[in-house]
Amino acid sequence: GSWASNTVTINGSPSLAGNYNYLITLSGGCGTITANGSIIASNCTKTMNLFIFLEGLYNGSNGLVKVQDSDDGENSFDLFPSNIADTLTVQLAQTTSPYTTVFNQHGVPINTNGSISLTTVPASLSANYHIVIKHRNHVETWSQSTSFAGSTINYNFTDALNKAWGNNMVLTGSVYSIYCGDANGDQYVDGFDLALTFNNNRLGSYGYQSQDINGDGFVDGFDLARVFNNNKKGVGMNTPVSPLKKK
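Notes on the structure follow. (Residues numbered from 1 in each chain as written. Predicted model: local features only at pLDDT ≥ 70, side-chain atom pairs only at ≥ 80, totals over all residues. Heavy atoms only, no water.)

### Looking at the overall build of the chain
Part 1 of the reasoning: Of regular secondary structure, the chain possesses 2 helices and 16 strands.
Part 2 of the reasoning: For 247 residues, the compact-globule estimate of 2.2 N^0.38 gives 18 Å, and the chain exceeds it by more than 25% at 24 Å.
Part 3 of the reasoning: Oriented by its inertia axes, the alpha-carbon framework of the chain measures out at about 85 × 40 × 30 Å.
Part 4 of the reasoning: Looking at the 247 residues of the chain, the share that counts as buried comes to 41%.
Part 5 of the reasoning: Across the chain, the fraction of contacts at a sequence separation of at least 24, relative to all contacts at a separation of at least 6, is 54%. (Helix = DSSP H or I, 4+ residues; strand = E, 2+ residues; numbered from the N terminus. Rg over C-alpha atoms; globule rule 2.2 N^0.38 Å. Buried < 20%, exposed > 50% of the residue type's maximum accessible area, 1.4 Å probe, protein only. Contact = heavy atoms within 4.5 Å.)

Set out below in structure tokens:
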């Protein structure tokens, strides 16, 4: 801090919100002089509200099913509480090469109505960014360049095909969804995903598996059909860092 004209000035960047008391003893001059008070450090964040549908979990009524878990191979149960359908990863990437990731949050809940609300985006991020969506068995999908100048950012992936970079989504009913079928997480729906899903189907795999594309708690023919169909379409990541690789 510094002192001038009978005023103590404290500078710095708070790393944790809270109410902090301070006591400063000034050196020099006649006798002991102190200054005290309190500083309120606020959370310097902004809110990002998203709407996203996942093709594998889409329920046909503009919503998502709740993913299931199973511990006996016969009975399934909701993996997440309340209206949480599943979790995914949300990132923000710069809009110019090398498209550096400036924000990254894992385990983000997505609700059955497709809504996501993040209140942890640093307020310092005020430029244009791509919103990046990653899910355990859906293809990585980027938004168009989006302004983060305000305190609240709203982005709806579901209402137009071009909301995804490269138009890389699929029409499900009357809305758009992120492509499913990436069972091994390499961002392309290919023979490796088919083989992995086929083998786990033969083994009767169950539980919260990446190969359980439709989230019912079991790896079965329904999942295999999803992977097969998107493999036949040549579905894959189409992003600024990997453009035009979908087909």
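Read on, since the account is not over.
### Some details on the nonpolar core
Nonpolar side chains in soluble globular proteins tend to end up buried together.
Part 1 of the reasoning: Counting 33 residues, the largest nonpolar core has Met48, Leu50, Ile52, Val90, Leu92, Ile131 and Ile133 as its most contacted members.
Part 2 of the reasoning: Elements represented by at least two residues in this core include exactly strand S5 (45-51), strand S8 (84-94), strand S9 (101-111), strand S10 (115-122), strand S11 (128-135) and strand S14 (152-156).
Part 3 of the reasoning: In terms of residues, this core owes the most to one element, S8, which gives 5 residues.
Part 4 of the reasoning: Here Leu50 is in contact with Val90, Gly114, Ser115, Ile116, Ile131, Ile133 and Tyr155, once residues within four sequence places are set aside. (Core = buried A, V, L, I, M, F, W, Y, C linked by side-chain atoms within 4.5 Å.)

### Quick notes on a nonpolar patch on the surface
Part 1 of the reasoning: A cluster of nonpolar side chains, namely Ile10, Tyr20 and Ile39, defines an oily patch on the protein surface of about 250 Å² accessible area.
Part 2 of the reasoning: Note that Tyr20 resides in strand S3 (residues 18-26).
Part 3 of the reasoning: Take Tyr20: its relative accessible area is 38%, and that puts it in the partly exposed class. (Patch = residues over 30% accessible without salt bridge, like charges linked within 9 Å, V, L, I, M, F, W, Y side chains within 5 Å. Areas by Shrake-Rupley, 256 points an atom, 1.4 Å probe, with all protein chains shown as cover. Salt bridge = Lys/Arg side-chain N within 4 Å of Asp/Glu carboxyl O.)

### Overview of the environment of Ile116
Part 1 of the reasoning: With respect to the element layout, Ile116 can be found in strand S10.
Part 2 of the reasoning: In this structure Ile116 comes out as buried when scored by relative accessible area, which is 2%.
Part 3 of the reasoning: Residues Ile116 and Ile84, spaced 32 residues apart in sequence, show a C-alpha to C-alpha distance of 9.8 Å.

### As for the environment of Ser147
Part 1 of the reasoning: Mapping Ser147 onto the fold places it in strand S13 (residues 146-147).
Part 2 of the reasoning: Along the primary structure Ser147 and Met48 are separated by 99 residues, whereas in three dimensions their C-alpha atoms are 11 Å apart.
Part 3 of the reasoning: Setting aside its immediate chain neighbours within four residues, Ser147 contacts Ala127, Asn128 and Ile153.
Part 4 of the reasoning: Polar side-chain contacts of Ser147 include one of 3.3 Å to the backbone nitrogen of Ala149. (Polar contact = N/O pair within 3.5 Å; in protein donor to acceptor, adjacent residues only side chain to side chain.)

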